[in-house]
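Here is what each chain is made of, one letter per residue.
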Amino acid sequence: MSDPRAARIPFAGSKAAHLARAALAGLPVLPGFVVPLGDRPGERAGDSYLEGLRRAWRELSADGTRPLVVRSSSPQEDTQESSLAGQFASVLDVQGWHEFRAAVRTVLDSAHRPDGTVAPMAVLVQPMLAARVGGVMFGADPVEGRTDRMLVSAVRGGPDSLVSGEQPGTNYWLSRWGRLLRTEPDDPEELLGTDGLRRLAKLARQARGVFGGPQDIEFGFDASGRLWLFQSRPITAMAARPARRARLLGPGPVAETLPDQLEPLEEDLWVAPMARGLAAALDIGGTAPRRQLRSLPVVTSVGGRAAADLRLLGAAPPRNRWLALLNPAPGARRLAAAWRVGRLTSALPGLAVDLVADVDRRLAETPSADRLTRPDLLATLRWTRTVLVSLHAQEALAGALLPEPRATAAGTALAALAESRALGVLDDRMVAAQPVVLALVAPGLGRELRLPADPGHPEGAPAARQGAAPAAAPTDTLPAVDTLPAPPLPSLPPREALRLRIRWVQELQVRLVREAARRLVVRGGLGEASKVGLLRWREFVEALEHGRLPGDFKERLPRAVSAPLPDAFRLAEGGTVVAEQPAGKGKFKNKGKGRSQGAGQGVSGGRAAGTAWDGTGTRPADPVLVVRTLDPALAPLLPGLAGLVAQTGSPLSHLAVLAREFGLPTVVGATDAVRRFPPGSRLTVDGTTGDVHVREQEEQEQREEQQVQQARRQVLGQESRGDLR
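Residues numbered from 1 in each chain as written. Predicted model: local features only at pLDDT ≥ 70, side-chain atom pairs only at ≥ 80, totals over all residues. Heavy atoms only, no water.

## Looking at the sheet that holds strand E23 (residues 682-686)
- One open sheet accounts for seven strands, arranged E18-E22-E21-E20-E19-E23-E24; its pairing is mixed. Each having just a single partner strand, strand E18 (601-604) and strand E24 (692-694) make up the two edges of the open sheet. Ignoring strand direction, the axes of neighbouring strands in this sheet form an average angle of 30 degrees.
- Strand direction decides the pairing type here: strand E19 (residues 607-613) and E23, joined by five bridges, are antiparallel. Each bridged residue has a counterpart across the sheet, and for Thr 611 the counterpart in E23 is Arg 682. (Pairing = 2+ DSSP bridges. Helix = DSSP H or I, 4+ residues; strand = E, 2+ residues; numbered from the N terminus. Axes fitted to C-alpha atoms, helices over the stretch in contact; angles between N-to-C directions.)

The following block contains the structure:
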């Protein structure tokens, strides 16, 4: 190892070369020697080379009295791009010459990969150290993506049981100078004291200086307490970390209106007008700087799912409460807006009535989509996008300035649904007879409209009408289903009337776009009407006006189903979602100081939705591998996985390292995961927070049930308030 050639990767492989460099820099590395690349001593018995190898073995092993460890050292492992952790063989506790030669052959044979290729392979030989405590140390926190933190995972004995996933280890989070920040579990076994942690932090800083970046280090303390460096390699995968000023986003304020994953055209039809409308309302109310509202959308789309800026909407506290109290700007904005807001509060009901009347008149005057000429169809679609901005703005202002409504559109819709079904009206005709029922379903270009199942209120249909205005009686002659009439409705409060018109306008957009798609299919080029959602608004207009589709349109595919967004999150580089964990009422932190009983630990960031799979039998299209331990033998299964869940394991085990390299959302320490998540379960995995949730097999039915329950709560809550009054 003292030979300068040992520090060259093409000669000695990555593992040996890194240790040779560390030894030359004065780091505590065990002595040893290297069988260089291309040499197979077992095939050259009797020559002088084999005799030289035997002399090296005798010297290192004290003529066979000291056990050795024989390890792989390939130029393809332990690189900046890939660790190939645990993919090649290492043989421990090797005693005797014949056993040593067999161990060397085992390591060299492990160069044969499952894909048929053969990796170049050198062999590193060192004394076998009986470590008192061993483990893995990362000179940065790869789970949280922090370079100002270090992560140590330690076990009794050597690090092998830790990196193989057999033991989870005790985890220590350290500052750069070795100050202990937290541990997991909360009541850890006493393995490393303050002095040991500081010595490890010093070793990590030294290794960073030698190799030019934070390192993934395997270490051990011998019986005398001396610290040894067993391995040093670059950290290959750091979790995405949002910029310091990244916005806090969440689906909460907009999920009720747009709960589903959207296609690009749906984003332009529904998210963009909502963002503009809410920005206008916030500007009028003076709750956010106008420059910020112009530069940042209040509502955006992440992976096709709508999310709002939680701080702009007041759904999350300011970053620093004390500075916010001292900042005079918000108060000045509100003072400047107070006069117009005061006048608006008294005028808003009348403005809402006027806007609702205008929308109703336009809807009533609009013929069915198939009777519109192309210019009229486009003009109507442009009107819908414009009027949605006004509707969203007034709806937001009404919610902020006007008293809470006694009757709701959802409650009225439930009553209408119950009455219509009692009269035997079929669902496909109910929208035409009672369009208020659209308040119970979300819009969608590619989904057939499905009304919720019968609410089945335990007290009967009349109870569903509590807090709701009586529904309009159905007419004898039902209008055509492809029109959107506006029959007489009971008077709803301004905000509820506006919300209902938003949904009606969205439904009109759905029917207009479907008709446009049908015409584009007839004219040729679109292929399938269902692909119209892959267009952006400008592309859609261009196709309808001039028949020109984007050049890459034939290659576009529908978005893969994405996991629901966290309640609160930030975006890192590349649009990666990084969930925020609640750490107290009204506050968010990236990590809490512990985990609830039964919760897992996220070790590779990201979120995924998929189907539980145990690694045997037919592999699902979106497999989430659920296993007991992070066995390195599972590595060939990682490509193509949606997620990985293990009952035990360490964030620094070999398989966890590989999972981060693959960008695979991974959770370890998920209690009883194999039993709780049998094959076929629909799972959502969050590799940042460690959450694993079972998803409903029928997501649409779940959404419908939530909407029905929400409407019931509104109805019952309004009844309770009325009784109190």
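There's more to say after this.
## Considerations on helix H2 (residues 48-61)
- Between its terminal C-alpha atoms H2 stretches 20 Å, which fits the 20 Å expected from 14 residues at 1.5 Å a residue.
- Once H2 finishes, Ala 62 follows within two positions and takes phi at roughly 55 degrees, a positive value. (Expected span 1.5 Å × (residues − 1).)

## Re the side chain of Ser 681
- Relative to the helices and strands, Ser 681 is located in the loop between helix H18 (673-676) and E23.
- In terms of polar contacts, Ser 681 uses its side chain to reach the backbone carbonyl oxygen of Pro 678, at 2.8 Å.
- If sequence neighbours within four positions are ignored, Ser 681 has contacts with Gly 610, Thr 611 and Ala 612. (Polar contact = N/O pair within 3.5 Å; in protein donor to acceptor, adjacent residues only side chain to side chain. Contact = heavy atoms within 4.5 Å.)

## Examining the packing of aromatic side chains
- Under the counting rule described, the total for this entry stands at five aromatic pairs.
- Measuring from ring centre to ring centre gives 6.0 Å for Phe 219 and Phe 221, while their planes differ by 80 degrees; the resulting arrangement is edge-to-face. Here the two residues Phe 219 and Phe 221 agree in accessibility, since each one is buried.
- One residue, Arg 362, lies across the ring of Trp 383, its end atom 4.8 Å from the ring centre.
- When the ring centre of Phe 553 is taken as origin, the NZ or CZ atom of Lys 531, which lies over that ring, is 5.0 Å away. (Phe/Tyr/Trp six-rings, centres within 6.5 Å; stacked < 30°, edge-to-face > 60°. Buried < 20%, exposed > 50% of the residue type's maximum accessible area, 1.4 Å probe, protein only. Lys NZ or Arg CZ within 6 Å of the ring centre and 35° of its normal.)

## Looking at the pairing of strand E8 (residues 180-184)
- Direction of pairing for strand E7 (residues 170-175) relative to E8: antiparallel, over a ladder of four bridges. Within E8, the position partnered with Trp 173 by the bridge is Arg 182.

## A look at the environment of Pro 494
- Here Pro 494 shows up in helix H15 (residues 494-523).
- Once the C-alpha coordinates of Pro 494 and Val 353 are considered, the two residues, 141 residues apart in sequence, prove to be 7.0 Å apart.
- Ignoring sequence-local partners within four residues, the contact set of Pro 494 consists of Pro 349, Ala 352 and Leu 402.

## A few points about the nonpolar core
- Counting 79 residues, the largest nonpolar core has Val 299, Leu 391 and Phe 540 as its most contacted members.
- Elements represented by at least two residues in this core include exactly helix H7 (264-285), strand E13 (305-309), helix H10 (328-365), helix H11 (374-401), helix H12 (409-422), helix H13 (427-433), H15 and helix H16 (537-546).
- Ranked by residues supplied to this core, first place goes to H15 with 13 residues.
- Not counting residues up to four positions away in its chain, the partners in contact with Leu 391 are Leu 355, Val 359, Leu 498, Arg 501, Ile 502 and Val 505.
- Counting residues in hydrophobic clusters, the runner-up holds 33 residues, among them Ala 12, Ala 16, Leu 200 and Phe 211. (Core = buried A, V, L, I, M, F, W, Y, C linked by side-chain atoms within 4.5 Å.)

None of this, on its own, says anything about what the molecule does.
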